[in-house]
Amino acid sequence: MITFCGGKSEAVEVAHFSEKNEFQKNVRFYCVFFPEGDFFNAFWAWHDLASFIIALLLFTIFWSLATWIFFNQKIYIEAIGMCALLTEATLGVPQLLRNFQRKSTQGMSIPMVLAWLAGDLAKTGYFVATGSPLQFWICAILQISIDIFILGQVFVYRKNTAAGELPYTGNNQTTTSDSSEGAIID
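The rules behind each value
Throughout, a residue's number is its position along its own chain's written sequence, starting from 1. Thresholds applied to this predicted model are a pLDDT of at least 70 for local features of residues and 80 or more for the giving and counting of side-chain atom pairs; totals over whole chains, interfaces and linings are not thresholded and use all residues. Note that the side-chain values use all heavy atoms of the structure and ignore hydrogens as well as water. UniProt positions are given in the numbering used here, feature names are shortened, and annotations may be inferred rather than shown by experiment. Helical segments are the DSSP runs of H or I of at least four residues, strand segments are the runs of E of at least two, and each set is numbered from the N terminus. A simple rule labels every residue: compare its accessible area, found with a 1.4 Å probe on the protein chains alone, to the largest value its type can have, and call it buried under 20%, exposed over 50%, or partly exposed in between. Whenever a nitrogen or oxygen atom comes within 3.5 Å of another N or O atom, the pair is scored as a polar contact, on the condition that within protein one atom can donate a hydrogen and the other can accept it, and that pairs from neighbouring residues in sequence are kept only if both atoms are in side chains. A helix is expected to reach a length of 1.5 Å times the quantity of its residues less one. The contact rule is simple, with two residues in contact once any of their heavy atoms fall within 4.5 Å. Take the buried residues of types Ala, Val, Leu, Ile, Met, Phe, Trp, Tyr and Cys, join any two whose side-chain atoms come within 4.5 Å, and each joined set is a nonpolar core. An arc is given here, and it is the one of the directions from the helix axis to the C-beta atoms. What counts as an axis is a line fitted to C-alpha atoms, over the stretch in contact for a helix, and the angles between N-to-C directions run from 0 to 180 degrees. Oblique is the label for any angle not covered by the other classes, which are roughly parallel (under 35 degrees), roughly antiparallel (over 145) and roughly perpendicular (65 to 115). For any helix crossing, the convention is left-handed if the near helix is rotated counterclockwise from the far helix by under a right angle, and right-handed if that rotation is clockwise. Basically, the charged four are Asp, Glu, Lys and Arg, the nonpolar ten are Ala, Val, Leu, Ile, Met, Phe, Trp, Tyr, Cys and Pro, and anything else, Gly included, counts as polar.

**Points about the UniProt feature "transmembrane region" (unreviewed entry) in the chain**
Right, so step 1: Listed under "transmembrane region" (unreviewed entry) in the UniProt record, and renumbered for this structure, are residues 49-69, 75-97, 109-128 and 134-157.
Right, so step 2: Taken as a whole, residues 49-69 contains 100% helix and 0% strand, while its terminal C-alpha atoms sit 30 Å from one another.
Right, so step 3: The distance separating the terminal C-alpha atoms of residues 75-97 is 32 Å; by composition the span is 87% helix and 0% strand.

Given below as structure tokens:
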């Protein structure tokens, strides 16, 4: 076993690669793009604007080429459309999870969540009136459900919300009520 990329002690057996050169190329590629050795935990931790722009550019090029190649494939177009709808439908989930982890809705704007709900209800009404496809209805119902769950959290956690100390923050430290930790994530 050997260790590489310095930041974390990731070990890889050389036996997995047919030649030592192939192993070295893979390690170099991995270390350049994932210096901490952990792609999934470090993906959103951008350390500079250039890295973010490069990742965004690669993402855009990849999906532009994929769409150009599969443009005539109905299943691809429907799948990418459904992914876009689900992404938009789940925008409230980070706030829902954050409230659940902290057992508080402190810092969250209730009028804003009510505005989300009103907008989602109006959008659903439009989908029903125009006879939009099923995936629009499914995502609209998901959005409305998330909005209602967040409003339910306001009721359930109302005693914790008034407290000066929050039981949970992102880094497991206690924070005071004047902190910006409770701000809406959306």
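**Some words on the side chain of Arg102**
Right, so step 1: Tracing the sequence through the fold places Arg102 in helix 5 (residues 93-102).
Right, so step 2: Under the relative-accessibility criterion, Arg102 is labelled buried at 0%.
Right, so step 3: Within the local environment of Arg102, its side chain forms a polar contact with the backbone oxygen of Gln106, the two atoms lying 2.9 Å apart.

**Structural notes on helix 4 (residues 74-89)**
Right, so step 1: In this model, helix 4 (16 residues) spans 22 Å end to end at C-alpha, consistent with the 22 Å of a helix rising 1.5 Å per residue.
Right, so step 2: Taken as a whole, helix 4 has its buried residues at Tyr76, Leu85 and Ala89.
Right, so step 3: Tucked into the core, helix 4 has its buried residues touching helix 3 (49-69) and helix 7 (134-156).

**Brief notes about the nonpolar core**
Right, so step 1: Judged by nonpolar contacts, Leu96, Met108, Val113, Trp116, Ile146, Ile150 and Val154 together constitute the single largest core of seven residues.
Right, so step 2: Of all elements in the fold, only helix 6 (110-130) and helix 7 reach the threshold of two or more residues within this core.
Right, so step 3: For this core, the element with the most residues is helix 7, which contributes three residues.
Right, so step 4: Setting aside residues up to four positions removed in sequence, Ile146 forms contacts with Ala89, Thr90, Gly92 and Val93.

**Describing helix 6**
Right, so step 1: The first and last C-alpha atoms of helix 6 sit 30 Å apart over 21 residues, in line with the 30 Å expected at 1.5 Å per residue.
Right, so step 2: When we look at burial in helix 6, the residues that qualify are Val113, Trp116, Leu117, Asp120, Thr124 and Phe127. One side of helix 6 carries all its buried residues, which in axial view fall inside an arc of 95°. More than 90 degrees from the buried face of helix 6, the exposed residues found are Pro111, Ala122, Tyr126 and Ala129.
Right, so step 3: Looking at the packing, one finds that the buried side of helix 6 touches helix 7.
Right, so step 4: Taken from the residues just after helix 6, Gly131 is the one with a positive phi, measuring 65°.

**Some words on the packing of helix 4 against helix 7**
Right, so step 1: The contact between helix 4 and helix 7 brings their axes to 9 Å, and the two run at 15°. The angle between the axes of helix 4 and helix 7 places the two elements in the roughly parallel class. You can see that helix 4 and helix 7 cross each other, and the crossing is right-handed. Touching Met82, Leu85, Leu86, Glu88 and Ala89 of helix 4 are Gln135, Phe136, Cys139, Leu142, Gln143 and Ile146, all from helix 7.
Right, so step 2: Across the contact of helix 4 with helix 7, the residue classes tally to eight nonpolar, two polar and one charged.

**A word on the side chain of Gln153**
Right, so step 1: Looking at the element boundaries, Gln153 is found in helix 7.
Right, so step 2: At 3.0 Å, the side chain of Gln153 and the backbone oxygen of Leu96 are in polar contact.
Right, so step 3: Dropping the residues within four chain positions of it, Gln153 is found in contact with Gln95, Leu96, Asn99, Phe100, Thr105 and Arg158.

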